[in-house]
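Understanding the architecture of this molecule
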Amino acid sequence: MAEVTGSEILAKCLKKEGTKDLFFIMGGPMQLVQTTCRTEEIHMIDVRHEQAAALSAQAYARLLQKPGVCMGASGPGAINLTTGIANAFIDCAPIVALGGSSAIGLYGRQTFQEIDQLSMMKPITKWADRVVNLKRIPEQVNNAFQKAMGGKPGPVYLDFPADMLYEKIDESQVDWRLSGRPLLRPRPLGEAARVNELIDALAKAKQPLVVSGSGVIWSQAWKEMQTFVEKAGIPFYTTPQGRGVVPDDHPLSFLTMRSTAFKDADLILILGTRMNYVIGHGSAPRFGGNAKIARIDIDGDELATAPRQIDIPIQGDCKAVLQQLIEAMPKRIEPENYAQWRRKLAEGEASKKKETEGGMAMNKTPIHPLRLCEEVKNFMKRDAILVVDGQEILNFGRQSMPTFAPAHRLNSGPFGMMGVGMPFAVGAKIACPDKQVICVHGDGSFGLNAMELDTAVRHNAPLLVVISLNGGWTADPKKEKVGRNLGYTRYDKMAEALGGYGEYVEKPEDIGPALVRAQKKVDEGMVALVNVKTDDTARAGTVSFSSHAAAVT
């Protein structure tokens, strides 16, 4: 048989693993891999920064529930992937990151771009490995895909030294037997006694609550979750990244009553999400100190090390355990049990909506960010993929812009990373080319990966970007924050210069028509950006996620 290089083996392996799209920046020693990937008919999306490659792969993975693939050249190229990989690690998103590295045969001689990339990657990945044997590349590549998706998903990294990539071997010596093994998606059931214990607890509860997260998405358990809450009549809330698993406008969703529901619930079922700062660690004062806590998670370590005592821990796959609960409910759990609880939340919701539904009535200039969010909400399609990135606009958007489909809401996530917006939007559009993709960006966060506008234009990924232009990083009513000001940059002109469509808006009544015109251009195949000047003093009154006080000892 003919000789093949390590680069060619890698490209063939990626094809066998079902890779259709790959995010990268060209560079040595990966160029032969990249050329061969194109030969293998893998769609190669060259971004403008490797960080964006990892972030785009993350969005791609969330939407398709399969590993997203990214690639960087040696040294700085691979290291540039790390911020995006870390974001995926904290967000439990399965990406397969591939990095070229300096020749292993010359390691220690201070060769070009020599640095220990593998050691850097290990703390921010589920698994990291280095290729040192051409025969085993198919095995290691398949291992990477398996580990990215197995159990609690997450990023993995494979390091490819230059000499391994360009070394040749007779193709007959390559062990292809393990290449393309189907990805295992085990669905472990919960322990029957624990499931029964939860049913008993629900039967006794008066004010139960479901709090769900991305685990429902990775388990593809959105139908089971909706069936469960409907059959039981239990109100639900989701983490920001878990929005849409059940539509936000569902009758059991009382979005404006989140704080009240958390404090007053007597049983809280935490479903497929970590007990981190996003939900106040499941503890007082955010939640009632006497509430019973039940938790379903595929990761036993998460259950064992939770920051609050779990009264009913159930280790298992969300989809499988929810089905167990659904089958065990008849004659034991009835919606009538919680009618008074739902009535309390519904009445509070109605009252709050009367107080807060003033977004469209805000006609002042400069434009209030909530008015911008309301315009986007009223304009977007029901199945739109909404990406939100920034600070004030992220907080206002969390309150006012709903999501109705699983995985169709993408934002900074639990790592709190800014700059995810444009790369996420590119990854989303590549994953779902037929969906409306809207990226609502703060002007500060936009600047971190703004050149991904160019990526979208070059790769014919027509998406709509809406910028809240408040002149800086955050609201600053007293003009006191050092480094806050960025100026009112005409990002719409930037979009035009890159080959897209741009509009600038200063009056609230002009937002809607501008969005319609921009979407028309998107429908014609262009990338469009609407740059909306907003009030730099407007602060969103939401729960503070960050705390910079001294640690409690």
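Before going into details, it helps to say that this report is about the structure given with it.

We now examine the pattern of salt bridges. For side chains bearing opposite charge, pairing can occur when the charged atoms are close. What the rule picks out here adds up to 30 salt bridges. Here Lys 12 makes a salt bridge to Glu 40, at a shortest N to O gap of 3.4 Å. Taken together, the positions of Lys 12 in helix 1 (residues 6-16) and Glu 40 in the loop between helix 2 (31-39) and strand 3 (43-46) put the pair 28 residues apart, joining distant regions of the chain. Ionic pairing is found between Asp 175 and Arg 177, a salt bridge with its closest N-O pair at 2.8 Å. Each of Lys 152, Arg 295, Asp 297, Asp 299 and Glu 302 takes part in a single network of salt bridges with overlapping partners.

Here we take up the pairing of strand 19 (residues 528-533). Within a regular beta strand, the side chains point alternately toward one face of the sheet and then the other, so they alternate between its two faces. Most of strand 19 is tucked away, with five of its six residues classed as buried. Across five bridges, the pairing between strand 18 (residues 501-505) and strand 19 is parallel. Across the sheet, the residue bridging to Gly 502 is Leu 529, located in strand 19. Handedness of the strand 18-helix 22 (residues 511-523)-strand 19 crossover: right-handed.

Counting residues in each nonpolar core, the largest one holds 111 residues, and the members touching the most others are Leu 198, Val 210, Met 225, Phe 228, Phe 446, Leu 463 and Val 465. It is helix 3 (residues 50-64) that contributes the most residues to this core, nine residues altogether. If we skip the residues at most four places from it in the chain, Phe 228 touches Leu 202, Val 210, Ile 234, Leu 269, Leu 322, Leu 325, Ile 326 and Met 329.

The next thing to look at is the packing of aromatic side chains. In the structure shown here, the tally under the stated rule is four aromatic pairs. Arranged with centres 4.4 Å apart and planes meeting at 15°, the rings of Phe 262 and Phe 287 form a pair that is stacked. Of this pair, Phe 262 sits in helix 12 (residues 258-264) while Phe 287 sits in the loop between strand 11 (267-271) and strand 12 (292-297), and the two are 25 residues apart along the sequence. The pair formed by Phe 262 and Phe 287 is uniform in burial state, with each residue classed as buried.

Procedures and definitions
Residues numbered from 1 in each chain as written. Predicted model: local features only at pLDDT ≥ 70, side-chain atom pairs only at ≥ 80, totals over all residues. Heavy atoms only, no water. Salt bridge = Lys/Arg side-chain N within 4 Å of Asp/Glu carboxyl O. Helix = DSSP H or I, 4+ residues; strand = E, 2+ residues; numbered from the N terminus. Buried < 20%, exposed > 50% of the residue type's maximum accessible area, 1.4 Å probe, protein only. Pairing = 2+ DSSP bridges. Right-handed = clockwise from strand over helix to strand, strands pointing away. Core = buried A, V, L, I, M, F, W, Y, C linked by side-chain atoms within 4.5 Å. Contact = heavy atoms within 4.5 Å. Phe/Tyr/Trp six-rings, centres within 6.5 Å; stacked < 30°, edge-to-face > 60°.

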